[in-house]
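Architecture at a glance
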Amino acid sequence: MKLLIVAVGTRMPAWVEAGFDEFARRMPRELPLHLVEVKAEPRTTGKTVEAMMSAEATRIEAALPTRCRRVILDERGTDITTKALAQRLEAWQGEGEDVALIVGGPDGLAPALKASADERLRLSSLTLPHALVRPLLAEALYRAWTVLKNHPYHRE
């Protein structure tokens, strides 16, 4: 099983890439974490927000594996603890399909893409800079894995 973070936006600051890479590198061989960047629709074309989100959704769909569990990150998603994420991670592994964690662009995700999701998770109640989501999510997934393995990285 692979974990994919499919995120709208390219050319992130170096600290974003470094943070993501650090936690992706720590993931075990049997649970690799990959980043798939999807080009954002230009915000200067005069298109409506709905049209821009639809174009981004088309690119996201094209980037997803044929069969995968779709987990969207959404401010109205389920608020989840590290232990609960660890339990989800274990359940996902049991199902055997790749898991795509989908992060929208500045305007969010198109309603049709949201409707196709298997799950909706909320990363935080805080408003976060878009770029921060990648390393934060990578760290959360790594920490969830450490919980499953009783690794000392996670302490309570």
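These remarks concern the structure in this document. What you see is a predicted model; the values in this text were computed from it and never measured.

1. Focus: the nonpolar core
Counting residues in each nonpolar core, the largest one holds 28 residues, and the members touching the most others are Leu3, Ile5, Leu33, Trp92, Leu101 and Leu141. Of all the elements in the fold, those that place two or more residues in this core are β1 (3-8), α1 (14-26), β3 (68-79), α3 (82-95), β4 (98-103) and α5 (133-148). Broken down by element, this core gets its largest block of residues, nine residues, from α5. The contact partners of Trp92, leaving out residues within four places of it in the chain, are Met1, Leu3, Arg69, Val71, Leu85, Glu97, Val99, Leu101, Glu119 and Leu121.

2. Considering the packing of aromatic side chains
Within this structure, the stated rule accounts for two aromatic pairs. Ring geometry for Tyr142 against Trp145: centres 6.0 Å apart, planes inclined by 35°, an arrangement best described as tilted. Linking Tyr142 with Trp145, this pair stays in helix α5, spanning three residues, or about one helical turn. On the basis of relative accessibility, which here comes to 6%, the residue Tyr142 falls in the buried class. In this structure Trp145 comes out as buried when scored by relative accessible area, which is 13%.

3. Some words on the sheet that holds β3
Strands sit in the order β2-β1-β4-β3-β5 across an open sheet of five strands; the sheet is parallel. Whereas interior strands pair on both sides, the edge strands pair on one side only; in this sheet they are β2 (33-38) and β5 (119-122). Taken pair by pair, the neighbouring strands of this sheet meet at an average axis angle of 30°, ignoring direction. Alignment of β3 against β4, held across five bridges, turns out to be parallel. Of the residues in β4, the one forming a bridge with Arg69 is Val99.

4. Side note on unusual backbone geometry
With a phi close to 55°, Arg11 is a non-glycine residue in the positive phi region. With respect to the helices and strands, Arg11 occurs in the loop between β1 and α1. A positive phi angle, near 55°, is found at Asn150, a position not held by glycine.

5. Brief notes about the packing of α1 against α5
Contact geometry of α1 with α5 gives a least axis separation of 8 Å together with a crossing angle of 15°. Taken together, the axis directions place α1 and α5 in an arrangement best described as roughly parallel. Classified by chirality, the crossing of α5 by α1 is left-handed. Residues Trp15, Val16, Gly19, Phe20, Phe23 and Arg26 of α1 touch α5, and the partners they reach there are Arg134, Pro135, Ala138, Glu139, Tyr142 and Trp145. Residue classes in the contact of α1 with α5 are distributed as eight nonpolar, one polar and three charged.

Definitions and cut-offs
Residues numbered from 1 in each chain as written. Predicted model: local features only at pLDDT ≥ 70, side-chain atom pairs only at ≥ 80, totals over all residues. Heavy atoms only, no water. Core = buried A, V, L, I, M, F, W, Y, C linked by side-chain atoms within 4.5 Å. Buried < 20%, exposed > 50% of the residue type's maximum accessible area, 1.4 Å probe, protein only. Helix = DSSP H or I, 4+ residues; strand = E, 2+ residues; numbered from the N terminus. Contact = heavy atoms within 4.5 Å. Phe/Tyr/Trp six-rings, centres within 6.5 Å; stacked < 30°, edge-to-face > 60°. Pairing = 2+ DSSP bridges. Axes fitted to C-alpha atoms, helices over the stretch in contact; angles between N-to-C directions. Parallel < 35°, antiparallel > 145°, perpendicular 65-115°, else oblique. Left-handed = near helix turned anticlockwise from the far one by under 90°. Nonpolar A, V, L, I, M, F, W, Y, C, P; charged D, E, K, R; others polar.

Without other data, these values stay purely geometric and don't point to any function.
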